[in-house]
Amino acid sequence: MSEQAEPIRVAIACQGGGSHTAFTAGVLSRLLQADVTQRYEIVGMSGTSGGAICALLGWAALVDGSPEKAAELLRGFWNDNSASSIPDQFVNQMVLWGGQLAGYMAIPEVSPYDNPAAVFAMQRMRTMLEDWVDFERLNQVDDGTSDRPLLILGAVDVLSGVFKAFSSRDGEITPDAVLASAALPGLFRSVAIGDGLYWDGLFSQNPPIHDLLASRPDELWVIQINPQERRTEPRSTHEITDRRGELAGNLSLYQELHVIEKIDELLETGELVGDRYKPITVRVIEMTRSENSRRLGTISKLNRDPAFVRGLITDGEATAEDFVTALRFEAAWRDRDLDAVSAFFAGPCAIVAHEPFPPIGPDADTGDLRAFLADKLATEIEVDHTRRQYAGDEFIWRVNYTDPASGERRRAQAGARFAGGQIVRFALGPTGSESAFDRRIVL
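Each chain carries its own residue numbering, running from 1 in the written order of its sequence. In keeping with the model being predicted, local features are shown solely for residues with a pLDDT of at least 70 and side-chain atom pairs are shown and tallied solely at 80 or more, while totals for entire chains, interfaces and linings include all residues. Hydrogens and waters are ignored; side-chain quantities use all the structure's heavy atoms.

## Let's talk about empty space enclosed by the protein
Move 1: Here a cavity denotes grid points, spaced 1 Å and computed from the protein atoms alone, that fit a 1.4 Å probe unable to get out, and a pocket denotes an open set having protein on both sides within 12 Å along at least 5 of 7 lines; residues with an atom within 4 Å of a point are the lining. Grid points are joined across faces, edges and corners, and a volume is the space filled by probe spheres set on the points. Taken as a whole and judged by the stated rule, the model has 3 cavities of 30 Å³ or more.
Move 2: In this structure, the second largest cavity encloses a volume near 40 Å³.
Move 3: Lining the second largest cavity we find A121, M122, M125, L179, A182 and F188.
Move 4: In terms of residue count, helix α6 (residues 116–132) provides more of the lining of the second largest cavity than any other element does, 3 residues in total.
Move 5: Residue polarity follows a fixed list, in which Ala, Val, Leu, Ile, Met, Phe, Trp, Tyr, Cys and Pro are nonpolar, Asp, Glu, Lys and Arg are charged, and the others, Gly among them, are polar. Of the residues in the lining of the second largest cavity, the class split is 6 nonpolar, no polar and no charged. Segments assigned H or I by DSSP are reported as helices when at least four residues long, segments assigned E as strands when at least two residues long, and all are numbered from the N terminus.

Okay, here's the thing in structure tokens:
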């Protein structure tokens, strides 16, 4: 592998999604370990709702110069937030029961302004935040010339409808700012900051991307909680409302990512020149593993059961581990280091290929794996960094493929499934469409 002169600058954006953002805690716990931070410099973080809390805790560890301590902060906060006591477990079960029952019968709704529990929950959240983060010490105005990473928290002004990005550079990272980003309408009261009244930014910037780019990253890693696709039709009022929120939040995210991809394409073709813009590789880490989340459905976003939360954290750590392995594999692939690339493939490894590549069936004998890799990855296929890459149960790269017969350059994708740090299945095939938002999992 070629020597790297400077670390790659990375900004991490954390989407919100209730208790499901415990997955984000697991992802960040792994991504902020030394083997990653030595190669990648985390220059900025952003988040909304639960993603804002995770981003805050990761940022606090970075500012203190001990990114590996993020795992302790994240696990500690989520442990405190879990329903550990018997009364808390009872309340948690009542919330889950009520949410599931709402799909079959009308349940009276109580405004958070008429519910004292909403005030108690907000006070409890403030106490937990202050227990784990020294806001007075960390919240400093920064003109952007220091090496402190940027932190952006997303919210929306209830009355004006204006999106708000609370910024560490403006000294706006306070408990109120975090609570504002997490003030989900219907559960919590709005949070007053200055002349504004703020709600959760789930419906506006989930997570903030545009303001995060002020950190000038080379890569943007997005931890996505809300699924792009859903397997079943939402039928209950709770499911419909939740899916509508997912789509609204994802729409804003995809629009901002599409702008980055378009700029990347214009820079690559030379249609956009100058120092104002720089190419940014976008990587999306998706929450896809949790069978428990899928079994409980929409209401699981409110589930604070300790075992459930720990399971999500474990899922996040496992997904991030495969993500880190995929980054190392990609680096060897980019450097055309055949020995290093070959070492990532387990024996045996299933290889499949579809058009526009020469077809290979799942049961086909690919012969000499090294020859296959030398023929394809080393000569005809390269990662397309102008289009987003995906990490979930498998890692999906958008690639450019040069047909050796015609010399035609076509867009396609490659996918790898990892187990124990090695690739156990590798696939080549077409993209779902030329849309920036579509993809087909070829595995």
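## Comments concerning helix α13 (residues 369–376)
Move 1: Taken residue by residue, α13 has F372, L373 and K376 as its buried positions. Projected down its long axis, α13 carries its buried residues within an arc of 95°, all on one side. A simple rule labels every residue: compare its accessible area, found with a 1.4 Å probe on the protein chains alone, to the largest value its type can have, and call it buried under 20%, exposed over 50%, or partly exposed in between. Starting at the helix axis, one direction is taken to each C-beta atom, and the arc is that of these directions.

## Quick word on the packing of helix α3 (residues 50–63) against helix α4 (residues 70–81)
Move 1: All axes here are fitted lines through C-alpha atoms, helices being fitted over the stretch that makes contact, and every angle between N-to-C directions spans 0 to 180 degrees. Interhelical geometry of α3 versus α4 gives an angle of 145° and a closest axis separation of 8 Å. For the element pair α3 and α4, the recorded crossing hand is right-handed. Where α3 approaches α4, its residues I53, C54, L57, G58, A60 and A61 are matched on the opposing element by A70, L73, L74, F77 and W78.
Move 2: Of the residues assigned to the contact of α3 with α4, the class counts are 10 nonpolar, 1 polar and no charged. A clockwise turn of the near helix away from the far one marks a right-handed crossing, whereas an anticlockwise turn of less than a right angle marks a left-handed crossing. Whether two residues touch is decided by their heavy atoms; if any such pair falls within 4.5 Å, the residues are in contact.

## Observations concerning unusual backbone geometry
Move 1: At the junction of N206 and P207, the peptide bond is cis and its omega measures out at 0° in the coordinates.
Move 2: With respect to the helices and strands, the residue P207 is situated in the loop between β6 (196–200) and β7 (219–224).
Move 3: Cis geometry is found at the peptide bond from E355 to P356, where omega equals 10°.
Move 4: Checked against the element boundaries, P356 lands in the loop between β9 (345–353) and α13.
Move 5: In this model, R216 sits at a positive phi of 55°, which is unusual for a non-glycine residue.

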